[in-house]
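Okay, here's what each chain looks like letter by letter:
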Amino acid sequence: MFLKRLDVAGFKSFADKISVDFVQGMTAVVGPNGSGKSNITDSIRWVLGEQSARSLRGAKMEDVIFAGSDTRKALNVAEVTLTLENSEQFLPIDYHEVSITRRVFRSGESEFFINNQHCRLKDIIDLFMDSGLGRESFSIIGQGRVEEVLSSKSDERRKIFEEAAGVLKYKLRKKKAELK
Ligand code: ATP
Ligand code: MG
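Residues numbered from 1 in each chain as written. Chains lettered and ligands numbered in written order. Predicted model: local features only at pLDDT ≥ 70, side-chain atom pairs only at ≥ 80, totals over all residues.

Caption draft 1: Molecular detail of the overall build of the chain. A count of helical and extended segments in the chain gives five helices and six strands. Ordered by position in the sequence, the α and β elements of the chain form the string β-β-α-β-β-β-β-α-α-α-α. Its C-alpha atoms give the chain a radius of gyration of 17 Å, near enough to 16 Å, the size a compact globule of 180 residues would have. Projected onto its principal axes, the C-alpha positions of the chain cover 50 × 40 × 40 Å. The buried share among the 180 residues of the chain stands at 21%. (Helix = DSSP H or I, 4+ residues; strand = E, 2+ residues; numbered from the N terminus. Rg over C-alpha atoms; globule rule 2.2 N^0.38 Å. Buried ≥ 20, exposed ≤ 12 C-beta atoms within 10 Å, placed from the backbone.)

Dropping the structure here:
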């Protein structure tokens, strides 16, 4: 499985639609300070279901929508689609290519899609759970995160290993079952 393509429109600094085609191997994004490099990784975490505006460096979820500039009006909707190659069925879904779309309107309304079919946020989170790619995973290490991992308490560090080892899913299910 690998990331094939990222389409971003109206998300943060990307007022116009941009598409990134990832090739197999390593892709580096370079640019001056403030040019939107981190906004690209934010868009990936967002489409994978990130719900914390703060961890996306905003105050509220609306802050992910293009807020306007000197020359352009603010937009009312942000949309991100991430396409993954899945011919080995690494993600538990019967498609060789999987696209995940998230859309948010300034009114606060959100929409989620898997291969253009309406779905719930939970479906996306479940799909990526244990893939090592989900919103809580450590496949995206943000600025400052390395120090956070090194300095966190032992039970926080344990969570990191549990996610990496794929046992977090079962722990969450157990917790849910106990609440019922
Ligand atoms: P650095 O090298 O400093 O880490 P970077 O390339 O990672 O920079 P980002 O943090 O991705 O830069 O981009 C920051 C820019 O995104 C800022 O100019 C900020 O104004 C802009 N930005 C963030 N949210 C929005 C929004 N909702 N609407 C318009 N612009 C936004
Ligand atoms: Mg940055």
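Caption draft 2: Expanded view of the site of ligand 1. Lining the immediate environment of ligand 1, one finds 14 residues, of which Asn 33, Lys 37, Ser 38, Asn 39 and Ala 67 sit closest. Residue classes in the shell around ligand 1 are distributed as three nonpolar, eight polar and three charged. (Near = placed C-beta within 6 Å. Nonpolar A, V, L, I, M, F, W, Y, C, P; charged D, E, K, R; others polar.)

Caption draft 3: Just the domain arrangement of the chain, in detail. As far as domains go, the chain holds domain 1 (2-140) and domain 2 (143-180). Summarising the inter-unit geometry, the C-alpha centres of domain 1 and domain 2 are found 23 Å apart. (Domains from an automatic or database assignment.)

Caption draft 4: Broad picture of the UniProt feature "binding site: ATP" (unreviewed entry) in the chain. Within this numbering scheme, the UniProt entry marks Pro 32, Asn 33, Gly 34, Ser 35, Gly 36, Lys 37, Ser 38 and Asn 39 as carrying the feature "binding site: ATP" (unreviewed entry). Here Gly 34 shows up in the loop between strand E2 (18-21) and helix H1 (37-47). Here Gly 36 shows up in the loop between E2 and H1. Setting aside residues up to four positions removed in sequence, Gly 36 forms contacts with Ser 13, Phe 14 and Gly 31. (UniProt positions renumbered as here; feature names shortened; annotations may be inferred. Contact = placed C-beta atoms within 7 Å.)

Caption draft 5: Region of the structure containing the nonpolar core. Counting 24 residues, the largest nonpolar core has Val 47 and Val 64 as the members making the most contacts within it. Going through the elements one at a time, H1, strand E3 (77-85), strand E4 (97-105) and helix H2 (121-128) are the ones with two or more residues in this core. Looking at this core, the element that brings in the most residues is E3, giving four residues. (Core = buried A, V, L, I, M, F, W, Y, C linked by C-beta atoms within 7 Å.)

Caption draft 6: The arrangement of the sheet that holds E2 in detail. With antiparallel pairing, six strands are arranged side by side in an open sheet as E2-E1-E3-E4-E5-E6. Since the sheet does not close on itself, it has two edges, and those belong to E2 and strand E6 (117-119), each with one partner. When strand polarity is set aside, the average angle formed by the axes of neighbouring strands in this sheet is 20°. Across five bridges, E4 lies against strand E5 (residues 110-114) in antiparallel orientation. By the bridge assignment, Val 104 is partnered in E5 with Ser 110. Where H1 meets the sheet, its contacts fall on strand E1 (2-9), E3 and E4, and the angle it forms with E3 comes to roughly 80°. (Pairing = 2+ DSSP bridges. Axes fitted to C-alpha atoms, helices over the stretch in contact; angles between N-to-C directions.)

Caption draft 7: Expanded view of the pairing of E5. Counting the residues between successive antiparallel strands, the hairpin from E4 to E5 contains four residues, one of them, Gly 108, with a positive phi of roughly 105°. Summarising the sheet, E5 and E6 pair through three bridges and their orientation is antiparallel. Its bridge partner lying in E6, Phe 112 is registered against Cys 119. The hairpin turn running from E5 into E6, its antiparallel successor, is two residues long, and Asn 115 in that turn takes a positive phi close to 45°.

Caption draft 8: Looking closely at the environment of His 118. Note on placement: His 118 falls in strand E6. Judged by local crowding, His 118 falls into the exposed class, with 10 C-beta atoms found within 10 Å. Distance in space between the C-alpha atoms of His 118 and Thr 101 is 9.2 Å, their sequence separation being 17 residues.

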